[in-house]
Amino acid sequence: MSSPALSTAARLRAALPDWLNDPKVWRTEILGGLVVALALIPEAISFSIIAGVDPAVGLFASFTMAVTIAFVGGRRAMISAATGAVALVIAPLNREHGFGYLVAAVLLAGVFQIVLGVLGVAKLMRFVPRSVMVGFVNSLALLVFMAQVPEMRDVPWPVYPMIVAGLALMVFFPKVTTVIPAPLVSIVILTVITVAAGIAVPTVGDRGELPSSLPVPGLPDVPFTMDTLTTVAPYALAMALVGLMESLMTAKLVDDITDTHSSKTRESIGQGVANIVTGFFGGMGGCAVIGQTMINVKVSGARTRLSTFLAGAFLMVLCIVFGPVVSDIPMAALVAVMIMVSVAAFDWHSIAPKTLRRMPAGETGVMVITVVFVLTTHNLAVGVVVGTVTAMVIFARRVAHLAEVTAVADPDGTSVVYRVTGELFFASSNDIVGRFDYSGDPDHVVIDLSSAHVWDASSVAALDAVETRYAQRGKTVEITGLNEPSARLHDKLSGELVGGH
């Protein structure tokens, strides 16, 4: 007979996720979180410099964003931290008004993201075409690579063989074992060699001083007035939109990589909560970070929230407890890791000659436009918006030509039937007005819409225009065959639009 204590323990184990009882998963998640934490340090410091704040501000933001989103986010294993896009948005506010206003903007951006999440902004992701998604993936890979180029300019010559050695380790070490992530092995070996041989190369410590204590919560040092609100609101809204765009696109990318579904609404709200927490701890805010997410999911193979939480926790432990050791990590080791990430993230199949020959020119064009705008603006959100709008324009032009009008005259010549086929909306309906013979047709005209669908007010206005032109010549028009949704829309709007009869 089992004891009550054993029964309680058994029930607790049954209630926990299966992976908690799998040592292999624990090892993958822990090591993945450690590699991500190491990769976050130099980038967080770099983004702090872009925003014009102390390096500790970016590191605190990466810590609080990762730890918070691990609990409230909608996409498991995705990493959120300080990002370059957010830094670019709020840098002018910090420069013109000071750090207190920056923190206030982070808090307000979090509120905006929660509101947008509740309103269902995540549902807009369904309108992002595949060609834009491919462009997003390729442009992020190129951005990650381009961010490493400055680390390879005007540096001591040993940096280059160290980068090559790091890449070689990450390519060949997995053939020996996958128990330990190859990026972690590469970082450790290159650091040991650098320190032991006394090689003078740029290190993490050269990027800025690491924090020596945990962040302390508090309110921003700003006057709580309407003037402050109007000052920070535009920056906060821009930060909220850019952060959500990057986070939702990254979540969709991770969904595809892991073949799993995630709640984009929960992710939107979670990003807001994480930014509010980050603001209270004096961080610069952030969103999903693509490079580190790829390290965690694609390179390390992490799949749970544990790796996300540990990435933030390890980040603070590394800074506070092992600061001197972390400061000795050569930047060449981290550059090699990020180059490998960029190579792995790029969709090489999308630019293969065989794919380009088969792919419609419009699809390839949308992908290229997305990449060009991202690389030009260094803003993934701008590229996605421009690419999506371009794809919609191409689609509208393509569908517009599918609406056809054919005429069949009665033998006795007293009437004519025009059969309209296809989808009638703003891009196609305007063309049909010129398809009728207003002067030559008999007095009775029938427009058969049984093979068409009326989608919008532009189509109703076009049908009204046709009726008006016939009426001006003393002829009558009979519209038949409307399906139920089209009939409701036509009955509701016909005669009420500008230019109607």
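Residues numbered from 1 in each chain as written. Predicted model: local features only at pLDDT ≥ 70, side-chain atom pairs only at ≥ 80, totals over all residues. Heavy atoms only, no water.

## A few points about the pattern of salt bridges
Moving on, step 1. Per the counting criterion, the structure on display carries 4 salt bridges.
Moving on, step 2. Two residues, Asp255 and Arg75, come together in a salt bridge whose shortest N-O distance is 2.6 Å. Residue Asp255 is found in helix α9 (residues 226–258), and its partner Arg75 is found in the loop between α3 (55–72) and β1 (80–81); the two are separated by 180 residues along the sequence.
Moving on, step 3. Arg75 sits in the buried class, given a relative accessible area of 5%. (Salt bridge = Lys/Arg side-chain N within 4 Å of Asp/Glu carboxyl O. Helix = DSSP H or I, 4+ residues; strand = E, 2+ residues; numbered from the N terminus. Buried < 20%, exposed > 50% of the residue type's maximum accessible area, 1.4 Å probe, protein only.)

## Considering the packing of aromatic side chains
Moving on, step 1. Enumeration over the complete set of coordinates arrives at 6 aromatic pairs.
Moving on, step 2. Between the aromatic rings of Phe346 and Trp348, the centroid separation amounts to 4.6 Å while the plane-to-plane angle is 45°, which identifies the pairing as tilted.
Moving on, step 3. Put simply, the rings of Tyr418, Phe436, Tyr438 and Tyr470 pair up and form one aromatic cluster. (Phe/Tyr/Trp six-rings, centres within 6.5 Å; stacked < 30°, edge-to-face > 60°.)

## Quick word on helix α14 (residues 331–345)
Moving on, step 1. With 15 residues, α14 ought to run about 21 Å at 1.5 Å a step, and its terminal C-alpha atoms sit 21 Å apart, in line with that.
Moving on, step 2. Burial runs high along α14: 13 of the 15 residues are buried. (Expected span 1.5 Å × (residues − 1).)

## Structural notes on a nonpolar patch on the surface
Moving on, step 1. Taken together, the side chains of Val317, Val321, Phe322 and Val325 define a hydrophobic patch exposed on the protein surface, amounting to about 350 Å² of accessible area.
Moving on, step 2. Its place among the elements puts Val321 in the loop between α12 (305–320) and α13 (323–327).
Moving on, step 3. Among the residues examined, Val321 registers a relative accessible area of 54% and is labelled exposed. (Patch = residues over 30% accessible without salt bridge, like charges linked within 9 Å, V, L, I, M, F, W, Y side chains within 5 Å. Areas by Shrake-Rupley, 256 points an atom, 1.4 Å probe, with all protein chains shown as cover.)

## Focus: the packing of helix α4 (residues 84–97) against helix α5 (residues 99–118)
The packing of two helices is summarised by the inter-axis angle and the distance between the axes.
Moving on, step 1. Two elements in contact, α4 and α5, have axes separated by 7 Å at closest approach and are oriented at 145°. Every residue of α5 that contacts α4 at Ile90, Leu93, Asn94 and His97 is listed here: Phe99, Tyr101, Leu102 and Ala105.
Moving on, step 2. Here the contact of α4 with α5 is composed, by residue class, of 6 nonpolar, 2 polar and no charged. (Axes fitted to C-alpha atoms, helices over the stretch in contact; angles between N-to-C directions. Contact = heavy atoms within 4.5 Å. Nonpolar A, V, L, I, M, F, W, Y, C, P; charged D, E, K, R; others polar.)

## Remarks on the environment of Phe71
Moving on, step 1. Tracing the backbone shows Phe71 in helix α3.
Moving on, step 2. According to the relative accessible area criterion, Phe71 is exposed, its value standing at 56%.
Moving on, step 3. Counting along the chain gives 199 residues from Phe71 to Gly270, while the straight-line C-alpha distance between them is 8.4 Å.
Moving on, step 4. Excluding residues within four positions of it along the chain, Phe71 makes contact with Arg266, Arg305 and Phe309.

## Structural notes on the packing of α4 against α9
Moving on, step 1. Packing of α4 against α9 brings their axes to within 8 Å, and their N-to-C directions diverge by 165°. Regarding the angle of α4 to α9, the classification is roughly antiparallel. The chirality of how α4 crosses α9 is left-handed. Contacts between α4 and α9 involve Ala85, Val86, Val89, Ile90, Pro92, Leu93, Glu96 and His97 from the former and Thr231, Val232, Tyr235, Ala238, Met239, Val242 and Glu246 from the latter.
Moving on, step 2. Among the residues making up the contact of α4 with α9, the classes are represented as 11 nonpolar, 2 polar and 2 charged. (Parallel < 35°, antiparallel > 145°, perpendicular 65-115°, else oblique. Left-handed = near helix turned anticlockwise from the far one by under 90°.)

## Let's talk about unusual backbone geometry
Moving on, step 1. You will see that Ala77, though not glycine, has its phi angle at about 75°, which is positive.
Moving on, step 2. Position of Ala77 among the secondary structure elements: in the loop between α3 and β1.
Moving on, step 3. On the accessibility criterion, Ala77 (1% relative accessible area) is buried.
Moving on, step 4. In the Ramachandran plot, Asp154 falls in the positive-phi region, its phi being about 50° despite a non-glycine side chain.
Moving on, step 5. Assignment of secondary structure puts Asp154 in the loop between α6 (130–146) and α7 (159–176).

## As for the environment of Ser62
Moving on, step 1. Mapping Ser62 onto the fold places it in helix α3.
Moving on, step 2. A relative accessible area of 0% places Ser62 in the buried class.
Moving on, step 3. Sequence-wise, Ser62 and Glu43 are 19 residues apart; in three dimensions their C-alpha atoms are separated by 9.7 Å.
Moving on, step 4. Filtering out sequence-adjacent residues up to four positions away, Ser62 remains in contact with Ala44, Ser80, Ala81, Ala82 and Leu315.

## Quick notes on the sheet that holds strand β4 (residues 415–424)
Moving on, step 1. Strand order in the open sheet formed by 4 strands is β3-β4-β5-β6, with mixed pairing between adjacent strands. The two strands at the open ends of the sheet, each matched to only one other strand, are β3 (404–409) and β6 (476–480). Looking at each pair of strands side by side, their axes are set apart by 20° on average, direction ignored.
Moving on, step 2. Bridge analysis of β3 against β4 gives 6 bridges, and the strand direction is antiparallel. Note that in β4 the partner of Thr406 across the bridge is Arg419.
Moving on, step 3. Strand contacts of helix α19 (residues 457–471): β4, β5 (444–454) and β6, with the helix running at about 175° to β5, the strand carrying the most contacts. (Pairing = 2+ DSSP bridges.)

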